[in-house]
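# Breakdown of the fold
The lines below spell out each chain.
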Protein chains: 2
Amino acid sequence: MTEEILTKLKKNEIRTVSRLMSLIENGQSDSEEIMNMLYAHAHQAIRIGVTGPPGAGKSTLSDGLIKEFRSEGKTVGVITVDPTSPFSGGAFLGDRIRMNKHSLDEGVFIRSMGSRGYMGGLARTSHYLADIIACTGKDYILFETVGVGQAEVEIVKNVDITIVILVPESGDEIQVMKAGPVEIGDIFIVNKSDREGANRITQLINDYLEKTSLDKEFIPEVIQTVATEGRGIKELFHQCNKLLQQFKNSGTFKLRRLEQYKTRVRNAVREELEKYFWTKEKEALFQKELMYLKQDNLSPIKAARQLIKNIATSPRHVGGDELKENWNNAP
Amino acid sequence: MTEEILTKLKKNEIRTVSRLMSLIENGQSDSEEIMNMLYAHAHQAIRIGVTGPPGAGKSTLSDGLIKEFRSEGKTVGVITVDPTSPFSGGAFLGDRIRMNKHSLDEGVFIRSMGSRGYMGGLARTSHYLADIIACTGKDYILFETVGVGQAEVEIVKNVDITIVILVPESGDEIQVMKAGPVEIGDIFIVNKSDREGANRITQLINDYLEKTSLDKEFIPEVIQTVATEGRGIKELFHQCNKLLQQFKNSGTFKLRRLEQYKTRVRNAVREELEKYFWTKEKEALFQKELMYLKQDNLSPIKAARQLIKNIATSPRHVGGDELKENWNNAP
């Protein structure tokens, strides 16, 4: 059955893609076996993070990149996570326009994620969705997130290469550093660079990068773009490819993939530990114990310890054997 | 020693407050005992969430509320978490101005949090900081966050009462619903209501609330404000107090406090489980095992299970006994 799904994905059957994505987004457990299988086929695609403050022009810029990829015969998937979009000059609408624009092109797949309500977390889910897209044979996957919020930053941190977008209005150096996950940028974009102050901010970023990249393999380049007119996009595209090649040669690419794997395994460990702990029985015990915990005096940490201790020492909840049994039966 | 700290906090010694906050923010373990002790003394303060999109005027509105609290002889602490602030019309600068303005008033304490790098998470840390402020005897604590990001939403969800701020530009109904954690609002503000479209958006929110609040205790009120001129702030203040009284009478207040406690205990359980799991020994094992895991074929979930299994069944890592021993020695 799972082999059949893989075959359909490889044929780029959109309906299968959408159905799988819904399974994942709803946290359905029967999706797990499929995802475990798909994972091994999801490595070909290059994962690119695109991040920047609301209104910096992320979606216009990605759209430019999509066009560039397509004109080079490359296919691309996009996952957007921008909860502020309704307030940042229409990126939300922009997403819909983009989706319509590319809806007849089988070489492009775009998926918008909200920011809330994902079982197991936004970052985890976004990378599972990327696995699905990767199985359809896409060459690149763009992760677009506003550089805001812990989960949102985690997404663009766990990619092969990250583009940070700023605008002339991004202001002074302090503000640049506060602009989001600046420390993870491999390429910097000053978008809307036809506006006043573009050269000033470019200089500021360059100065900042020179100071902070001393121990790094390279100093990130700063590229000026006007995404609405397509200016600078080709340069960005080439810089992307050049860096990726460099990363592959130097071993950085492999190291980053290992880091991505580590992060995903760590997240899975956290989730498995919680899943193991919060059985229905323990959930009931928690609700019951809560009545007896002196919530006004007992700090949350102490309460947590007490709960874990009660559960670990209660004859019906012996952690070790149950744990072993559970994991020995794991697939 | 911890008693001494409590005494200093009760005297509102700012240096002690700041030092404790740094301990917490740096995740230092010796802060735990102190925090456990402080918790019991942190219940008096009312926790109010203030959330809304970037640029809606959160900080100006809170500042109005602070003035109102002070003129009624009430003291107040503020915790702001707005990573977008450099891009949303100067809330960052606004914070500094506010801090300066109130720096001589011992009845006001303001703390800005970034959005990244908090050991154990942003939401958890913010409530620990609030505990510290509460111990200085403040009557109210405002949590200001942009309605963006999972962690940021969790903060304003775990309070006694939540204010959601929108502006006339918040647009159509879909956009209102996407404006952030609208479903958790107890009071809605249409700020900048001297602008065009204020009545229209007020009507939209009212319609939306009427549809969605059927099973709730009450339909939230929508208040028009012009925070920069102080218009509507008194009304907001009174509505806050009215609702809080109502919540106290109906038992809602107590229920919400129980929910806050539950969330904090759950977070602590997650943290304790992880802390227990990732001992130095296991961390080393993880790094070693990683070399043997076929990262290209073995999905993160399977890898996580394998790690947990190896650890649980290895004679040197028997989960149960170690767990028991660990928790029996817990304070």
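A quick note: this is a predicted structure, and the numbers were derived from the prediction, not measured.

### Brief notes about the overall build of chain A
Assigned secondary structure in chain A consists of 14 helices and seven strands. Sorting the 331 residues of chain A into buried and exposed places 47% on the buried side.

### Some words on the sheet that holds strand β3 (residues 108-113) of chain A
Residues and elements named next belong to chain A. Spatial strand order, β3-β2-β4-β1-β5-β6-β7: seven strands in an open sheet with parallel pairing. Every interior strand has two partners, whereas the edge strands, β3 and β7 (221-224), have only one. Across the sheet, the axes of successive neighbouring strands diverge by a mean angle of 20°, strand direction being ignored. Across four bridges, strand β5 (residues 161-166) lies against strand β6 (residues 187-190) in parallel orientation. In the sheet register, Ile-165 faces β6, and the bridge partner there is Ile-189. Its contacts with the sheet place helix α4 (residues 58-71) against β1 (46-52), β2 (76-81), β3, β4 (140-146), β5 and β6, and it is angled at close to 175° to β4.

### Here's the deal with the pairing of strand β3 (residues 108-113) of chain B
Residues and elements named next belong to chain B. β3 sits mainly inside the fold: five of its six residues count as buried. In this sheet, β3 lies alongside strand β2 (residues 76-81) in parallel orientation, the contact comprising six bridges. Bridge pairing links Gly-77 to Phe-109 in β3.

### Let's talk about the pairing of strand β4 (residues 140-146) of chain B
Residue and element names in this part refer to chain B. Across the seven residues of β4, seven count as buried, placing the element largely inside the fold. Where burial is concerned, the two faces of β4 agree: the one with Tyr-140, Leu-142, Glu-144 and Val-146 and the one with Ile-141, Phe-143 and Thr-145 are both buried. Relative to β4, strand β1 (residues 46-52) is paired through seven bridges, and the arrangement is parallel. Looking at the pairing, Gly-49 lines up with Phe-143 of β4. Two strands pair when backbone bridges link them, and β2 and β4 are joined in this way by six bridges, in the parallel orientation. The residue of β4 that forms the bridge with Val-81 is Thr-145.

### Points about helix α3 (residues 31-39) of chain B
In an α-helix, one turn spans 3.6 residues, which is why side chains three or four residues apart end up on the same side. Residue and element names in this part refer to chain B. If you check which residues of α3 are buried, you get Ser-31, Met-35, Leu-38 and Tyr-39. The buried residues of α3 occupy one face: seen down the axis, they fall within an arc of 100°. In the core, the buried residues of α3 are packed alongside α1 (2-10), α2 (14-25) and α6 (122-135).

### A closer look at the sheet that holds strand β6 (residues 187-190) of chain B
All names here are of chain B. Ordered by their spatial adjacency, seven strands build an open sheet running β3-β2-β4-β1-β5-β6-β7, and the pairing between neighbours is parallel. Two strands lie at the open edges of the sheet, namely β3 and β7 (221-224), each paired on one side alone. Strand-to-strand, the axes of this sheet are offset by a mean angle of 20°, without reference to chain direction.

### Looking at the environment of B:Asp207
Residues and elements named next belong to chain B. Considering the arrangement of structural elements, one finds Asp-207 in helix α9 (residues 198-212). Assessed through the 12 C-beta atoms surrounding it within 10 Å, Asp-207 is described here as exposed. Taking the C-alpha atoms as reference points, Asp-207 and Glu-259, 52 residues apart in sequence, are found 28 Å from one another.

### What to know about the packing of helix α4 (residues 58-71) of chain B against helix α10 (residues 233-250) of chain B
Residue and element names in this part refer to chain B. Running from N to C, α4 and α10 point in directions that differ by 70°, and their axes come no closer than 9 Å. Comparing the axis directions of α4 and α10 gives the class roughly perpendicular. Between α4 and α10 lies a crossing whose hand is right-handed. Between α4 and α10, the residues in contact are Gly-64, Leu-65 and Glu-68 and Ile-233, Lys-234, Leu-236 and Phe-237, respectively.

### Examining unusual backbone geometry
Residue and element names in this part refer to chain B. Non-glycine residue Asn-12 carries a positive phi angle of around 65°. Position of Asn-12 relative to the elements: it lies in the loop between α1 and α2. On the basis of neighbour count, Asn-12 is assigned to the partly exposed category, with 17 C-beta atoms found within 10 Å. Positive phi, close to 55°, is recorded for Lys-192, a residue that is not glycine.

### Re the environment of B:Ile219
All names here are of chain B. Mapping Ile-219 onto the fold places it in the loop between α9 and β7. The class of Ile-219 is partly exposed, set by 13 C-beta atoms lying within 10 Å. In this structure the C-alpha to C-alpha distance between Ile-219 and Thr-7, which are 212 residues apart in sequence, comes to 42 Å. Beyond its immediate chain neighbours, meaning those up to four positions away, Ile-219 contacts Leu-209, Glu-210 and Ser-213.

### Re α2(B)
Residue and element names in this part refer to chain B. The terminal C-alpha atoms of α2, which comprises twelve residues, lie 16 Å apart, in line with the 16 Å expected from a rise of 1.5 Å per residue. Inspection of α2 places Thr-16, Val-17, Leu-20 and Ile-24 among the buried residues, and these make up the whole buried set. Buried residues of α2, seen end-on, are gathered within an arc of 100° and therefore sit on one face of the element. Exposed residues lying more than 90 degrees from the buried face of α2 are Ile-14, Arg-15 and Ser-22. If you follow the buried residues of α2, they end up packed against α1, α3, β3 and α6. With its phi angle positive at about 65°, Gly-27 sits one or two positions after the end of α2.

### What to know about the packing of helix α11 (residues 252-277) of chain A against helix α11 (residues 252-277) of chain B
Contact pair α11(A) / α11(B): the axes reach a minimum separation of 10 Å and the direction vectors enclose 115°. When you trace α11(A) past α11(B), the crossing you get is right-handed. Seen from α11(A), the contacting residues are A:Val269, A:Arg270, A:Leu273, A:Glu274 and A:Phe277; seen from α11(B), they are B:Val269, B:Arg270, B:Leu273, B:Glu274 and B:Phe277. Class assignment of the residues belonging to the contact of α11(A) with α11(B) gives a composition of six nonpolar, no polar and four charged.

### As for the confidence of the model for chain A
Low-confidence regions, as indicated by low pLDDT, have predicted coordinates that should not be scrutinised in detail. Residues and elements named next belong to chain A. When the pLDDT values of chain A are averaged, the result is 81; 81% of them are 70 or greater. When the criterion is pLDDT under 50, residues 314-331 qualifies, and its contacts beyond four places in sequence or with other chains add up to 27 contacts. If you check the scores for this complex, the pTM reads 0.77 and the ipTM reads 0.78.

Conventions and cut-offs
Residues numbered from 1 in each chain as written. Chains lettered and ligands numbered in written order. Predicted model: local features only at pLDDT ≥ 70, side-chain atom pairs only at ≥ 80, totals over all residues. Helix = DSSP H or I, 4+ residues; strand = E, 2+ residues; numbered from the N terminus. Buried ≥ 20, exposed ≤ 12 C-beta atoms within 10 Å, placed from the backbone. Pairing = 2+ DSSP bridges. Axes fitted to C-alpha atoms, helices over the stretch in contact; angles between N-to-C directions. Contact = placed C-beta atoms within 7 Å. Arc of directions from axis to C-beta. Parallel < 35°, antiparallel > 145°, perpendicular 65-115°, else oblique. Left-handed = near helix turned anticlockwise from the far one by under 90°. Expected span 1.5 Å × (residues − 1). Nonpolar A, V, L, I, M, F, W, Y, C, P; charged D, E, K, R; others polar. pLDDT = per-residue confidence, 0-100.

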